[in-house]
Amino acid sequence: MTHIIHRSLRHTPPVAASSDGIYIVDQDHKKYIDASGGAAVSCLGHGHPDVLAAMHAQIDKLAYAHTGFFTSEVTEQLADHLIEHAPGDLSEVYFVSGGSEAIEAALKLARQYFVEIGQPERTVFVSRRQSYHGNTLGALAVGGNEWRRKPFAPLLMEVPRVAPCFEYRDRLPHESQDDYTRRLLVEIEQTFLATGPERIIAFCAETVVGATAGAVPPTPGYLQGVRALCDKYGILYLADEVMCGMGRTGSLYAFEQDHALPDIVVIAKGLGGGYQPIGALLARTHVIEALRKKSGMFQHGHTYLGHPIASAAALAVQRVIQRDGLLEQVQARGTYLTQTLKAALGDHPHVGDIRGRGLFMAVEFVEDRATKTPFDHAKKLHAVLKQIAFQNGLLVYPMGGTIDGQRGDHVLVAPPFIASEQDIDQIVSLLRKSIDEALVAIR
């Protein structure tokens, strides 16, 4: 009997007993390939010796010191490393313990910025439908995942939402890609104007949409258009890269590939690679200078800000990524993963789309390829696939509600950066097997 409130209150999951590289082993000695890095977290795989050594060394030196009294050498070094490799004038870092905390901090920082510069009438955030920004109340409010929001809706602030940039589902048959992008940007501007641009704090968006819709990249020029609209109306652009950042798409920050610099960017999962809970926001110079010149403080805080052991783990992860050229590895393995998925599933009668960037890929399932009709959501294809893949020794990240929070199924594949071509071959082979078995099971 368990006393833990597990994700399912009717089922206790197997006990993970050990891990190494791309594998996790349970207490019955069954081996699983971690092909999704948990939730796109374990970017270096499990048990990396450099990270473990850094954590042990830090424990011996300093485990914890409250940031109301001290900073720590390792946390300062992590901040320096992140800023050294950040584009543009992203120059300030704030550390927390995870993605939802980082989003909450970003929302509060954005609001305080406008209070400090004399625009307290700015009280509204704008975001997108089918987005996900975390499970705390502020993050849940700006997110557009209706299934997660519904029970708590009365507690959440009102947020105007626009269409996601989801080309496979929403681009019209007669539209060119550029026309589709322009239509989305027109909608954003119209929403700004209808809301009152002088009331808007920030536009919040995942650079590459994560699990809610399944590794959906923006169309060319979309985020540049967002940046231009935010500049036009004095609105901050807040990029959520909790899942897609820190090298997952082949560049350290996913927005680098879209040439659109946000005012605040939020990172988490790949920052520490799962070795310790950590998240962060990075802000451009003008945002923090406004606070520094006026109140002199960011009115926010948590007990475990800048935790030294979490900082040591994250710094080791980021140094390994740079030292071992893993961004280039992600680009090369990402190309191989895309090619392998398309070779194995590209002509599958129930695969509608294969999409993503780098080692952040998704496969969307359809009842009918021609019409893109999803499976009946009552069949819960995503849940059946997760169970069957697990039985087959494969950890992937299937989700339902791809289209509107209810309809549509996809599976996220996000292997560690250290995965070899042979590892990818095995992952895709097991995935194809699991998909076919899941489709049989729901009929």
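Before reading on, note that the structure itself is shown above.
In short, a report on the structure. Quantities reported herein were computed from a predicted structural model and do not represent experimental measurements.

In this structure, Tyr 397 sits in strand S14 (residues 397–400). Judged by its relative accessible area of 22%, Tyr 397 falls in the partly exposed class. Each C-alpha atom of the pair Tyr 397 and Ala 17 lies 20 Å from the other, and the pair is 380 residues apart in sequence. For Tyr 397, the residues in contact, after removing those within four places along its chain, are Ser 36, Gly 38, Ala 39, Ala 211, His 410, Val 411 and Leu 412.

Within the largest apolar cluster, 96 residues are counted, with the highest numbers of intra-cluster contacts made by Phe 192, Phe 203 and Tyr 253. Looking at this core, the element that brings in the most residues is helix H12 (residues 308–323), giving ten residues. Setting aside its immediate chain neighbours within four residues, Phe 192 contacts Val 126, Pro 197, Ile 200, Phe 203, Leu 229, Cys 230, Tyr 233 and Ile 235. Among the nonpolar cores identified, the runner-up in size contains 32 residues, and Phe 114, Cys 204, Leu 236 and Leu 238 belong to it.

Our focus in this paragraph is the pattern of salt bridges. Per the counting criterion, the structure on display carries 23 salt bridges. Salt-bridge contacts for Asp 324 lead to Arg 323; the nearest nitrogen and oxygen are separated by 2.7 Å. Across the pair Arg 355 and Glu 364 runs a salt bridge whose closest N-O atoms are separated by 2.9 Å. In terms of burial, Arg 355 and Glu 364 fall into one category: buried.

Turning to the packing of aromatic side chains, a few remarks are in order. Applying the stated criterion to the full structure yields seven aromatic pairs. Ring centres of Phe 192 and Tyr 233 lie 6.2 Å apart, and the angle between their planes is 85°; this geometry places the pair in the edge-to-face category. You can see Phe 192 sitting in helix H8 (residues 177–195) and its partner Tyr 233 sitting in helix H9 (residues 222–233), a full 41 residues away along the chain. A residue is classified by how much of its surface remains accessible, and Phe 192, at 0% relative accessible area, is buried. Taken together, the ring pairs in this structure connect Phe 192, Phe 203 and Tyr 233 into an aromatic cluster. The lysine or arginine in question, Arg 148, covers the ring of Tyr 132, its NZ or CZ lying 4.3 Å from the ring centre.

Take the sheet that holds S14 next. Spatial strand order, S11-S12-S15-S14: four strands in an open sheet with antiparallel pairing. If you trace the sheet from one side to the other, it starts and ends with strand S11 (351–357) and S14, each paired once. Ignoring which end each strand starts from, the neighbouring axes of this sheet average 20° apart. Strand direction decides the pairing type here: S14 and strand S15 (residues 409–413), joined by four bridges, are antiparallel. Across the sheet, residue Pro 398 finds its bridge partner in S15, namely Val 411. This element, helix H14 (residues 381–391), spans strand S12 (360–365), S14 and S15 of the sheet and lies at about 165° to S14.

So, about the state of the cysteines. Within the structure shown, the criterion is met by zero disulfides. The cysteine Cys 43 is free of any disulfide, with Cys 244 supplying the nearest cysteine sulfur at 13 Å. By relative accessible area, which is 1% here, Cys 43 ends up buried. For Cys 244, which is in no disulfide, the shortest distance to another cysteine sulfur is to Cys 165 and amounts to 13 Å.

The rules behind each value
- All residue numbers refer to positions counted from 1 along the written sequence of the respective chain.
- Per-residue local features of the predicted model are confined to residues with pLDDT of at least 70, and side-chain atom pairs are confined, for both listing and counting, to 80 or more; whole-chain, interface and lining totals are unaffected and use all residues.
- Computation of side-chain values covers all heavy atoms of the structure but excludes hydrogens and water.
- Secondary structure elements are defined from DSSP: runs of H or I of at least 4 residues count as helices, runs of E of at least 2 residues count as strands, and each element is numbered from the N terminus.
- Throughout this description, buried means an accessible area under 20% of the type-specific maximum (1.4 Å probe, protein chains only), exposed means over 50%, and partly exposed covers the range between.
- Residue contacts are counted whenever heavy atoms from the two residues lie within 4.5 Å of one another.
- The nonpolar core is taken to be a set of buried Ala, Val, Leu, Ile, Met, Phe, Trp, Tyr and Cys residues, with the residues joined through side-chain atoms within 4.5 Å.
- Put simply, a salt bridge is a Lys or Arg side-chain nitrogen that is within 4 Å of an Asp or Glu carboxyl oxygen.
- Two rings belonging to Phe, Tyr or Trp (six-membered ring only in the last case) form a pair when the distance between their centres is within 6.5 Å. Interplanar angles under 30 degrees mark stacking, angles over 60 mark edge-to-face geometry, and anything in between is tilted.
- Each ring is checked for a lysine NZ or an arginine CZ that lies within 6 Å of its centre and within 35 degrees of its normal; such an atom marks a charge sitting over the ring.
- DSSP calls a pair of strands paired once it identifies at least 2 bridges connecting them.
- Only the contacting stretch of a helix is used when fitting its axis, a line to C-alpha atoms as for every element, and angles between N-to-C directions run 0 to 180 degrees.
- Only a pair of cysteine sulfur atoms within 2.5 Å counts as a disulfide in this structure description.

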